[in-house]
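Residue-level structural notes
Each chain is listed here by its residues.
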Amino acid sequence: MEEKYNPGAIESKWQQAWEKERLFKVDTEPEKEKYYLLEMFPYPSGNIHIGHVRNYTIGDVVARYKRMRGYNVLHPMGWDAFGMPAENAAIANNSHPATWTYENIANMRSQLKKIGFSYDWDRELATCRPEYYRWEQWLFLKMYAKGLAYRKESYVNWCDPCQTVLANEQVEAGMCWRCGKEVRQKKLWQWFFRITDYAEDLLVHCDKLPGWPEKVITMQKNWIGKSIGAEIRFPIIGGPGEKTDEISVFTTRQDTVFGVTFMCLAPEHPLVITLSEGTAQAAAVNVFIERMSRQDRTAKAVENYEKEGVFTGSYCLNPMSGREMPIYTANFALMEYGTGAVMCVPAHDQRDFDFAQKYGLDIVVVVNPADEDLTVDELTAAYTGEGVMINSGSFDAMPNREAMEAIARHLEAHGLGKKTVSYRLRDWGISRQRYWGAPIPMIHCPTCGVVPAPEEDLPILLPEDANLLEGGGSPLPGLEYFSSVSCPRCGSGEARRETDTMDTFVESSWYFERYCSPDYTEGMFDKRAVDYWMPVDQYIGGVEHAILHLLYSRYYTRVLHDMGLVKYKEPFTCLLTQGMVCKETTACPEHGFLLPGDVAAGEGTPRCAICGEAVTIGRVEKMSKSKKNVIDPNILLERYGADTTRLFCLFAAPPERDLEWSEQGVDGGYRFLNRVWRYAAACMDDLKTVSPYTGAPDTLEAGLKKLCKKTHETIRRVTRDIEDRFHFNTAISAVMELVNAMYALEDAPDAPHRNSVVRFAVESAILLLSPIVPHFAEEVWAALGNRTSIFKAPWPAYREDALVKDELLIVVQVNGKVRSRFTAAVDADDEFLRQRALSDDRALKFIADKPVKKVVVVKKKLVNIVV
RNA sequence: GCCCGGGUGGCGGAACUGGUAGACGCAAGGGACUUAAAAUCCCUCGGAGCUAAGUCUCUGUGCGAGUUCAAUUCUCGCCCCGGGCACCA
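This write-up is about the structure you can find in this document. Not measured: the values here are computed from a predicted model.

This next bit is on a negative patch on the surface. Together, Asp371, Glu372, Asp373, Asp377 and Glu378 line one region of the surface with negative charge. Mapping Glu372 onto the fold places it in the loop between strand S14 (367–368) and strand S15 (388–389).

Here it is as structure tokens:
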């Protein structure tokens, strides 16, 4: 063993050894218990950043640990390779998204290899390869055949100058990020997956995922947003022109139906135009609709707008109260939720109340709280609580809870409505008017309409020689040889290929299955491999994916399940949502967001390294390529090596916690490894010839006994920290304490078993650290005389009998404050502890002459004397 | 705005299921070794106060209430920070 720890040399040496030995290559071994460990695959943005390192280190520790526990561990890695940044980069560099993407993959792969992750690289996949997306297209055809994929009109952010669709991220304060002009909402025919068919099933199974964090379950449930209520139909009254005869609304407060005084329709609602046509309001309504089309209509944005609306000029009838009610179109009504129409009850809904005040609309109280009588004149806010019905005909005097049920039944009996369940969840829009994505395998024929591409034509290849357009639009519609096809049904030469590509969330909804048989050519995956490996036992990734990616994956899995392709409904048995690595952003007025390396710190205010302008420091937020607040781990890797980098990322915080990046402390990790190294190197000659001590510690010399017990205790602590909760920071602390104990050993060189006990301590420390600092551990392990990899060694076990404490420290409190301590035998009973505490000198000082009111004895812990 | 998290020394964090707040590490200060530096080792280290000495006193886990013999931990109200909000991935 070298005297000095030299990470550079040992890391490349072991990386080569692992690769040569194919140490992490796995295959189905039906007789062995499998463990599928998966980390969310990265978007190949160019460089691995520290957030990736954190995520993948956590996964690697678990993978290596499980291998040592005897599992057949599948631990794959690949690339979520389609997506918008490749197009932006291609426009900026005048290159091609594919070139950029594959270069990034090559670079990032080599970075990951340098960190020593134990992937089975033979299973690597990239979603932008036709061998991958052809099966996604195949499934799309199956989904289309089952009605799970369909087309409907919906809105996109549209920039007229750039002639392109913008992602939400590309819209900054309502303006296009490229040209700075106003963005408007444009209606397009787009493809959707019918996830709403599975809303109930996805919801019900939320409670059958005990391995998922509670917070993620809650977020998913809220996202699905089931609400139980009623659909009520309001007949439209007279007016000029041809009119649909009723408006249907969904409400959870059918008890307040007698208090409905007006209606609001979403500006996109098809009735808005017909209702206002020919009335004096027509012009005002058109202006309103026009203005709304230029606004961001997402729920988030709508919540922040001042509530406003316009009268449509038409009325409808409240079927319960008989009231004639004006119909408005209002900005807060969303077409996506319920029926796109809201029955407004100003007395019992704050938003409706504000709206009624603003436009001078009637208010009718229908629910009275128990202790007072509400009058319209005195009402300053909506009353949303429970109470007793009034002004509600035959339902008066009924508690409103009961009225909900009674009114629902009444509506149903009289054909005015029915009890309904509504979900907030909307169908998954998968159409992207982009180039760098998987083509949707459909054809538009002027005579046959929408026709699926024949299965034997798959994959529908994304043309590789397209040039990206300046404004960011997709070149696909303009590529004749791609978009011009003959209709598979009638043979017409006038047919056009669908030029929308799929949302990249589709690729990430089944990559975990593809990993099971990445080279399979007969289908999406080899059923036998999937039956063996799936579901994923442990999935690890950022909390930012808690809703969309995870919900889409759960949905896609159900689709596969119902087609008989897989046996399970839930793809991920256990989930660990890693906290994000955050950092403040830095921006230059001239050059926009700056990488940390482009900020010149120096004296006074930080400046832009390119132009010297003063840099504005933004808020702390998650590291992302677009904000450029990313830390390149290369500096750490070069200076300290992979093991220290890994150790530091884990030691900094428990995995689920967000981490504001700071390099403070990385030296400590490096020092610790050196400290272990020096200890091992110094006593290696003595240790090589003995085997580790496995006996009970009791008969050992005092110092050795202490070290032996500490070692067993450390094995237990580390095992629990890894196994139960992935708290590697405390696991590392525990080993640090063990190493401190090794140094603190007062040496008795001639005591029996001396070298064996030290070997046990050193070897245990190395084994416990091995998943975290694998190269370091291999090197010391080899120096101890081992011929095979440490990762073929079993995880260390501890002796229960070595954990028994000889005596305990008992705390004496007076009125809850710690006043004294004493040691007692482990089996001391309550009465003994009580007497011992009551006679304690220091406790007596605080008791003084006050009478003792109560004494609380907590076994093995404390005695609290209340005076 | 809505939903989900988080807030503990100068810093990262620890504290099992309500039972000694600050483990482990970083930074800082002091000392040892050295011609010197690095490395290493030892000591101090939440705040305030008192002392000849401390097993000293008070105070302290974002803020304010509450439950309890006992609250970082449970309950309620508030403040601040992060994430998600359906085309970033």
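Here we come to a nonpolar patch on the surface. Taken together, the side chains of Ile237, Tyr315 and Leu317 define a hydrophobic patch exposed on the protein surface, amounting to about 210 Å² of accessible area. With respect to the helices, strands and loops of the structure, Tyr315 is situated in strand S11 (residues 309–317). Residue Tyr315 is classed as partly exposed on the basis of its relative accessible area of 33%.

Moving on to the packing of helix H19 (residues 642–651) against helix H24 (residues 774–783). Contact pair H19 / H24: the axes reach a minimum separation of 7 Å and the direction vectors enclose 120 degrees. As far as their axial angle goes, H24 and H19 are oblique. Residues Ala642, Asp643 and Arg646 of H19 form the contact with H24, whose own contacting residues are Pro774, His775 and Phe776. Among the residues forming the contact of H19 with H24, the class breakdown is three nonpolar, one polar and two charged.

The next subject is the side chain of Gln190. As for its placement among the helices and strands, Gln190 is situated in strand S7 (residues 184–193). At a separation of 3.0 Å, a polar atom in the side chain of Gln190 contacts the side chain of Gln433. Sequence-distant contacts of Gln190, defined by excluding residues within four places in its chain, comprise Tyr150, Arg151, Lys152, Ser154, Tyr155, Val156, Ser431 and Gln433.

Ranked by internal contacts, the top residues of the largest apolar core, which has 117 residues, are Tyr36, Phe193, Tyr555 and Tyr556. No other element matches helix H5 (residues 130–145), which puts eight residues into this core. The contact partners of Phe193, leaving out residues within four places of it in the chain, are Phe140, Met143, Leu148, Ala149, Tyr150, Asp427, Trp428, Ile430, Val506, Tyr555 and Tyr556. Counting 71 residues, the second-largest nonpolar core is a separate cluster that includes Phe24, Leu37, Phe728 and Val735.

Before going further, it helps to examine unusual backbone geometry. Of the consecutive residues Leu458 and Pro459, the connecting peptide bond is found in the cis state with omega at -5 degrees. Residue Pro535 is reached from Met534 by a cis peptide bond, and omega for that bond is -5 degrees. For Pro535, the location among the structural elements is in the loop between helix H16 (527–533) and strand S23 (536–542). Positioned with a positive phi, Ala173 is a non-glycine residue whose angle comes to about 50 degrees. For Asn815, which is not glycine, the phi dihedral falls at a positive 55 degrees. Of note, Asn815 is situated in the loop between strand S31 (807–814) and strand S32 (817–825).

Let us look at empty space enclosed by the protein. In total, this model carries two cavities of 30 Å³ or more according to the counting rule given. The computed volume of the largest cavity comes to approximately 70 Å³. What lines the largest cavity is Met84, Glu87, Asn88, Thr164, Val165, Leu166, Gln170, Arg178, Gln433, Arg434, Gly471 and Gly472. Secondary-structure elements contributing two or more residues to the lining of the largest cavity are helix H3 (84–93) and strand S4 (164–166).

In the region of RNA strand B, 74 residues are neighbours, and Asp80, Asn168, Arg434, Ala652 and Arg675 sit closest. Protein-proximal atoms of RNA strand B, defined as those within 4 Å of the protein, fall in sugar or phosphate at a share of 68%. Between RNA strand B and the protein, one listed contact pairs a phosphate oxygen with a backbone N or O atom of Met84 at 3.0 Å. Separating a phosphate oxygen of RNA strand B from a side-chain N or O atom of Arg819 is a distance of 3.2 Å. Of all the elements, helix H22 (residues 728–744) adds the most residues to the surface near RNA strand B, at six residues.

Basis of the calculations
- Residues numbered from 1 in each chain as written.
- Chains lettered and ligands numbered in written order.
- Predicted model: local features only at pLDDT ≥ 70, side-chain atom pairs only at ≥ 80, totals over all residues.
- Heavy atoms only, no water.
- Patch = residues over 30% accessible without salt bridge, like charges linked within 9 Å, V, L, I, M, F, W, Y side chains within 5 Å.
- Areas by Shrake-Rupley, 256 points an atom, 1.4 Å probe, with all protein chains shown as cover.
- Salt bridge = Lys/Arg side-chain N within 4 Å of Asp/Glu carboxyl O.
- Lys, Arg positive; Asp, Glu negative; His and termini not counted.
- Charge placed at Lys NZ, Arg CZ, Asp CG, Glu CD.
- Helix = DSSP H or I, 4+ residues; strand = E, 2+ residues; numbered from the N terminus.
- Buried < 20%, exposed > 50% of the residue type's maximum accessible area, 1.4 Å probe, protein only.
- Axes fitted to C-alpha atoms, helices over the stretch in contact; angles between N-to-C directions.
- Parallel < 35°, antiparallel > 145°, perpendicular 65-115°, else oblique.
- Contact = heavy atoms within 4.5 Å.
- Nonpolar A, V, L, I, M, F, W, Y, C, P; charged D, E, K, R; others polar.
- Polar contact = N/O pair within 3.5 Å; in protein donor to acceptor, adjacent residues only side chain to side chain.
- Core = buried A, V, L, I, M, F, W, Y, C linked by side-chain atoms within 4.5 Å.
- 1 Å grid on protein atoms, 1.4 Å probe; cavity = no way out; pocket = protein on both sides within 12 Å on 5 of 7 lines; lining within 4 Å.
- Points joined across faces, edges and corners; volume = space filled by probe spheres on them.
- Near = heavy atom within 4 Å.

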